[in-house]
Amino acid sequence: DLVTGKKIGIGSVIDGLYRLPVQVASVLISATSGQLSGVEDRSIIMRWHERLGHLPFQSIKKLFPRLFTFVSIDSFTCEVCQLAKHVRASYPISFNKTTRPFALVHSDVWGPSGAPTCRGFHYFMTLIDDYSRCTFVYLLKERSDVPVIVKNFVAFVETQFQTSVQAFRTDNAREYVSQSLDDFLKSKGIVHKTFCSYTPLQNGVAERKNRHLLDVTRAIMFHRQVPKRYWGDALLTSAHLINRMPTRVLQGHSPYSMLWPTQNPWPLTPRVFGCVCFVHDHSPTLKKLDPRSIKAVFLGYSSTQKGYKCVDPTTSKVYVSRDVTFHEHEAYFPVNPLQGECLGNSSEEYSSNQLIQFMDFLDYKVSHSVADTVRDDRDSHMDGGLVDNQSTARDHLFGQVYTRKKTDVVENVDITNPNLVSSPDDPSQINEELPIALRKGTRSCTSHPIQRFVSYAKLSKDYKCFITSLSKSVIPRCVEDAREDPKWLHAMTKEMDALAKNDDTWEVVDIPKGTHLVGSKWVFNVKYKPDGTVERYKARLVAKGFSQKYGIDYLETFAPVAKLKTVR
């Protein structure tokens, strides 16, 4: 059989003919018919494979099992499927671990975050011990800080655990393959293992740990509506909790117990991240009638002190103390409605109770009518009713609704006087024949309009002339605009003549090859006299010092002109 390679039977040649026994002939006939039916079945299977959008052959076998009677499913191949559906090779889960702490350290850098922390951190770096799965997290401002962190971590391991790091596994990021880090690892005898490009699965320990850290970080921040600028504290708190939680990789043990088996992993009782807390005030200047505590927000645990880390957002001051009282059921930060977390249906930004607090805080001297209005508004709000056509205390504190003032029409107005000019400080009465822009009433959104306090009417004539003349002279923004004005062109000519009189201003030479040229630009300004008139038009040619490069001409100073006042 040419398909299977099996021998069907043996026949003898007699007079030029092959004579086969009856049994062998019947087997040969059945094998030939099966081979012919198999060829037809293959074409039918391929046709259905193409009709059904290149359905896998395993699925086609479930739909048409009879077509695979004489055909093996392993004999089918499709080039189109390889081009369209090719996937990466799967990696089996590895349960291999090192036999001692810090024999192998996994590392990865995450970022940028998009929202910097209060101290300006954009990245974080993880260092995971393969033996204990203990995670060490460091916040970074730049990726270039990685070599310094690695050196400090190796020194920490050698001092605290009396052991050394044998292997260091990372990706091929630029911060990990720098020359300084490579020289340091070689000097310590540490093997730097990197995985293939675009293959993060080979660094699965670090990648999964980053995902675990971010999952916990997002959860504790969303639970108490903590702003994004505190993601660094939330990340350090997540690492603190994860290191003390049991894991199946360690057969139910925690990473902390693997490295410090005799120490208590919970010296402080865990608290809800982002809750309201009150820190005892230890200030020596505290008076007898001053508050004894400071309201703050709980943002984690200190790595060097046995105390809770609390922050006062109003002053950005950090407190580390054990004398803290927690309100774990209460969030310090308000609910953020942009994330869909606002469950209330109130449309007002301030309630009536808050208005009274504002009045007490700002020490407003509210009249009896305002206080009665606030009291009536609070009572009507508690009863569920609405008060119409009544001003509230918010109108007095935060402004009124837009309203149009009514203007009275004066019948006897001399509109034929060509010298009649309406002044904004002293508006005249107008009639219906004037344009609509003059007949419209003024709108007021505050009880203190700006025209009552800012006006040209109280200025002297000289000072008013000076102010109005400031906008007459237009300073050009480029050389092309200055050349079109004779005044600025004359100022530029005087500047060039002054530079030409000084022989040491510049020296004309050929441009050396490979050198960096510092350009120049024109700066224009107008000098005024005390009465507001123009004294002169000033033009100066200056060098573009911002284009200097460090190591070439960074320390050089270009000053084509120096006045005696400047030297003084």
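Everything in this summary refers to the structure shown in the same document. Predicted model only: the values in this text are computed from it and were never measured. (Residues numbered from 1 in each chain as written. Predicted model: local features only at pLDDT ≥ 70, side-chain atom pairs only at ≥ 80, totals over all residues. Heavy atoms only, no water.)

Concerning the sheet that holds strand S8 (residues 275–280)
The five strands are arranged S11-S10-S9-S8-S12 in an open sheet whose pairing can be described as antiparallel. Each end of this open sheet is capped by a strand with a single partner; those strands are strand S11 (317–321) and strand S12 (324–331). If you compare each strand with its neighbour and ignore which way they point, the axes differ by 40° on average. Two strands pair when backbone bridges link them, and S8 and S12 are joined in this way by five bridges, in the antiparallel orientation. Following the sheet pairing, Val276 is matched in S12 by His327. Against the sheet, helix H7 (residues 231–242) touches strand S9 (293–301) and strand S10 (308–312), its axis set at about 55° to S9. (Pairing = 2+ DSSP bridges. Helix = DSSP H or I, 4+ residues; strand = E, 2+ residues; numbered from the N terminus. Axes fitted to C-alpha atoms, helices over the stretch in contact; angles between N-to-C directions. Contact = heavy atoms within 4.5 Å.)

Focus: the packing of aromatic side chains
On inspection of all chains with the given rule, the structure shows 25 aromatic pairs. Taking the centre distance of 5.3 Å and the plane angle of 65° together, the rings of Phe136 and Phe153 count as edge-to-face. With a gap of 17 residues between them, Phe136 in strand S5 (residues 135–140) and Phe153 in helix H4 (residues 146–160) connect regions that are remote in the sequence. The same class applies to Phe136 as to Phe153, namely buried. Among the aromatic side chains, those forming a connected cluster through ring pairs are Phe102, Phe136, Phe153, Phe156, Phe161, Tyr256 and Trp260. Above the face of the Phe76 ring, Arg42 is positioned so that its terminal group lies 4.6 Å from the ring centre. (Phe/Tyr/Trp six-rings, centres within 6.5 Å; stacked < 30°, edge-to-face > 60°. Buried < 20%, exposed > 50% of the residue type's maximum accessible area, 1.4 Å probe, protein only. Lys NZ or Arg CZ within 6 Å of the ring centre and 35° of its normal.)

Things to note about helix H6 (residues 204–223)
The terminal C-alpha atoms of H6, which comprises 20 residues, lie 29 Å apart, in line with the 28 Å expected from a rise of 1.5 Å per residue. Of the positions making up H6, those classed as buried are Gly204, Val205, Ala206, Lys209, Asn210, Leu213, Leu214, Thr217, Ile220 and Met221. In the segment just after H6, Gln225 is the residue with positive phi, at about 50°. (Expected span 1.5 Å × (residues − 1).)

A word on the environment of Asp233
Residue placement: Asp233 occurs in helix H7. Placed 76 residues apart in sequence, Asp233 and Lys309 show a C-alpha to C-alpha distance of 9.3 Å.

Structural notes on unusual backbone geometry
Following Gly111, the chain continues into Pro112 via a peptide bond in cis, with omega recorded as 0°. Of note, the phi angle at Arg133 is positive, near 60°, even though the residue is not glycine. With respect to the helices, strands and loops of the structure, Arg133 is situated in the loop between strand S4 (123–129) and S5. For Gln162, which is not glycine, the phi torsion reads 50° and is therefore positive. Within the secondary structure, Gln162 sits in the loop between H4 and strand S6 (167–170). For Gln162, a relative accessible area of 65% corresponds to the exposed category.

What to know about helix H15 (residues 486–501)
Over its 16 residues, H15 extends 23 Å from the first C-alpha to the last, a length consistent with the 22 Å expected when each residue adds 1.5 Å. Within H15 the residues assigned to the buried category are Trp488, Ala491, Met492, Glu495 and Leu499. Projection of H15 onto a plane perpendicular to its axis shows the buried side chains occupying an angular sector of 100°, all on one side. Opposite the buried face of H15, at more than 90 degrees from it, the exposed residues are Pro486, His490, Lys494, Ala500 and Lys501. Where H15 is buried, its residues contact helix H14 (479–484), strand S15 (520–528) and strand S16 (534–543). (Arc of directions from axis to C-beta.)

Details of the state of the cysteines
The tally for this structure, following the rule as stated, stands at zero disulfides. Take Cys81: it sits in no disulfide, and the sulfur closest to it among the cysteines is that of Cys78, at 3.5 Å. Its relative accessible area of 16% is what places Cys81 among the buried residues. (Disulfide = S-S within 2.5 Å.)

Let's talk about the packing of H6 against H7
Relative to each other, H6 and H7 sit at 115°, their axes nearing to 8 Å. In this structure, H6 crosses over H7, and the sense of that crossing is right-handed. On H7, the residues that touch Lys209, His212, Leu213, Val216, Thr217, Ile220 and Met221 of H6 are Trp231, Ala234, Leu235, Thr237, Ser238, Ala239 and Ile242. (Left-handed = near helix turned anticlockwise from the far one by under 90°.)

Digging into a nonpolar patch on the surface
There is a patch of nonpolar side chains on the surface, built from Met496, Trp506 and Val508 and spanning about 330 Å² of accessible area. Structurally, Met496 is set in helix H15. (Patch = residues over 30% accessible without salt bridge, like charges linked within 9 Å, V, L, I, M, F, W, Y side chains within 5 Å. Areas by Shrake-Rupley, 256 points an atom, 1.4 Å probe, with all protein chains shown as cover. Salt bridge = Lys/Arg side-chain N within 4 Å of Asp/Glu carboxyl O.)

Here we look at the side chain of Thr170
Along the chain, Thr170 falls in strand S6. Of the polar contacts made by the side chain of Thr170, one reaches the side chain of His192; its length is 2.7 Å. (Polar contact = N/O pair within 3.5 Å; in protein donor to acceptor, adjacent residues only side chain to side chain.)

Considerations on the pattern of salt bridges
Counted under the stated rule, the structure contains ten salt bridges. Salt-bridge contacts for Asp182 lead to Lys186; the nearest nitrogen and oxygen are separated by 3.2 Å. Highlighted residues: Asp182 and Lys186, both in helix H5 (residues 179–188), separated by four residues, approximately one helical turn. According to the relative accessible area criterion, Lys186 is exposed, its value standing at 61%. Its salt-bridge partner being Arg211, residue Asp215 comes within 4.0 Å of it at the nearest N-O pair. A residue pair is termed a helical-turn pair when its members lie 3 or 4 positions apart in one helix, as Asp215 and Arg211 do in helix H6 at four residues. Arg211 gets classed as exposed once you look at its relative accessible area, which sits at 63%. Linked through salt bridges whose partners overlap, the residues forming this network are Arg211, Asp215 and Arg218.

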